Amino acid sequence: MTVLVTGGAGYIGSHMVLALLDAGEKVVVVDNLSTGFWWALPPEATLVTGDCGDEALMKRVIAEHGVTAIAHFAAKIVVPESVADPLGYYLANTVKSRALIAAAVASGVKHFIFSSTAAVYGEPATMPVPEDLPLDPVSPYGRSKLMTEWMLQDAGKAHGLNYVVLRYFNVAGADPQGRTGQSTPNATHLIKVAAQAALGDRPKMQVFGTDFATPDGSCLRDYIQVSDLADAHLKALSYLRAGGASTVLNCGYGRGYSVLEVIEVVKRVSGVDFPVEMAPRRAGDPAAIIAKADRVRTELGWEPRYDDLDQIVGQALRWERFLKTKNVA
Ligand code: UFG
């Protein structure tokens, strides 16, 4: 009954490992440590340093650890980088996922949870975005994830692999107990960047675009706290084990905050009025991405615990302070 977590040493994966261990599950992590950190894992989790695209290794790990479910987080996740290096993204996110799915099928693993993204919707005309909207990703990142959704659909039908695809909106915050957080150096994500500006690790930050068709002109995003997201995965695991049919679910709170609103919250919670510069739009940013978020509640019985931007920002700030004092990242 071991759960295999790929990318378990990364930001979201390490929160999933903690959630699984807290729930009494046995966990084996496969991570190539390209962006993850061994120290993000508690000693109770077994770490295999290796690549989830190595099909033979995956078969061996599944057999040796008695793996019955897989949560697949390992991926490249930076949208602009995917535009510059599409083949790198298709390799990391599509080709390697194919190897992992093939290992799962060959080894008789029946439950698979996949980290997908709101980027599969592209620039949707409908807001909030329902799961059954036609998919039209605009970046290689979104396409690389959508292709894996399709592989799961087809492999599910052909081989009886049951899956839950979770489409993440904007993931933020850190473990409320301070055990893990977003540790990637040179992160581009808004709340992390703002937290670093508040702590003086950046001299200033920029707002990318103030002329969008939104109430204050900056982009709207649906920020979901990372432990709430991990909990959705735990619920997905229980759902699959109880015989639930394969499904695709948005993970967000269904509410948008603008970039300017987020920065105000970071200033208020940190008590630091750091410099903010208005800047041109960043290529490829849609004006608004907000989840229609009821299906994950009704299908999985998931309820968020940290749907509160002040708390999310407080957690992000606490984790940034930890990284500074430990000088670990
Ligand atoms: N932003 C700034 N300044 C910064 C950083 C970000 O203004 O220094 C803005 C961005 O332009 C955007 C918003 O803050 O409007 C959020 O940007 P993030 O980089 O934090 O997140 P994205 O919305 O670009 O990306 C997220 C995920 C992706 C996923 C995408 C789906 O990180 O993995 O949502 O839409 F693909």
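From a predicted model like this one, the values you see are computed outputs, not experimental measurements.

Another aspect to go through is the packing of aromatic side chains. By the definition in use, this model includes five aromatic pairs. Seen in terms of ring centroids, Tyr121 and Phe169 are 6.4 Å apart; in terms of plane orientation they differ by 40°. Their pairing is tilted. Residue Tyr121 is located in the loop between strand S5 (111-117) and helix H5 (140-159), and its partner Phe169 is located in the loop between strand S6 (162-168) and strand S7 (170-172); the two are separated by 48 residues in the primary sequence. For Tyr121, a relative accessible area of 2% gives the class buried. Of the residues examined, Phe169 reaches a relative accessible area of 6% and is grouped as buried. Seen from their ring centres, Tyr253 and Trp302 are 6.4 Å apart, and the 10° between their planes marks the pair as stacked.

The next point concerns the sheet that holds strand S12 (residues 257-258). Strands sit in the order S12-S9-S14 across an open sheet of three strands; the sheet is mixed. Where the open sheet ends on each side, the last strands, each with one partner, are S12 and strand S14 (288-289). Relative to S14, strand S9 (residues 220-221) is paired through two bridges, and the arrangement is parallel. Looking at S14, one finds that Leu220 is bridged to Ala288.

On to the domain arrangement of the protein. Many analyses report the size of an interface as the accessible area lost when the parts associate. Looking at the assigned domains, one finds that the protein contains domain 1 (2-172 + 223-251) and domain 2 (190-221 + 254-326). When each unit is reduced to the centre of its C-alpha atoms, the spacing between domain 1 and domain 2 is 24 Å. With 28 residues of domain 1 at the contact, the number on the domain 2 side is 27 residues. Applying the counting rule to domain 1 against domain 2 returns one salt bridge. At the boundary of domain 1 and domain 2, one finds nine residue pairs in polar contact (both at pLDDT 80 or more). Broken down by element, the residue count for the side of domain 1 that touches domain 2 peaks at seven residues, all from helix H7 (residues 226-241).

This part takes up the site of the ligand. Residues in contact with the ligand amount to 20 residues; listed here are only the nearest, Leu190, Gln206, Arg221, Arg282 and Asp285. Arg282 places a side-chain nitrogen or oxygen 2.8 Å from an oxygen atom of the ligand. For the ligand, whose accessible area on its own is 690 Å², the fraction buried by protein is 90%. Listed by contribution, the elements that provide at least two residues to the shell around the ligand are helix H6 (190-198) and strand S8 (205-208). Per element, the largest residue contribution to the shell around the ligand is four residues, and it comes from S8. Here the residues of the shell around the ligand are counted per class, giving 12 nonpolar, five polar and three charged. Looking at which domains feed residues into the shell around the ligand, each of domain 1 (2-172 + 223-251) and domain 2 (190-221 + 254-326) supplies at least three.

What counts and what doesn't
Residues numbered from 1 in each chain as written. Predicted model: local features only at pLDDT ≥ 70, side-chain atom pairs only at ≥ 80, totals over all residues. Heavy atoms only, no water. Phe/Tyr/Trp six-rings, centres within 6.5 Å; stacked < 30°, edge-to-face > 60°. Helix = DSSP H or I, 4+ residues; strand = E, 2+ residues; numbered from the N terminus. Buried < 20%, exposed > 50% of the residue type's maximum accessible area, 1.4 Å probe, protein only. Pairing = 2+ DSSP bridges. Domains from an automatic or database assignment. Contact = heavy atoms within 4.5 Å. Salt bridge = Lys/Arg side-chain N within 4 Å of Asp/Glu carboxyl O. Polar contact = N/O pair within 3.5 Å; in protein donor to acceptor, adjacent residues only side chain to side chain. Near = heavy atom within 4 Å. Areas by Shrake-Rupley, 256 points an atom, 1.4 Å probe, with all protein chains shown as cover. Nonpolar A, V, L, I, M, F, W, Y, C, P; charged D, E, K, R; others polar.

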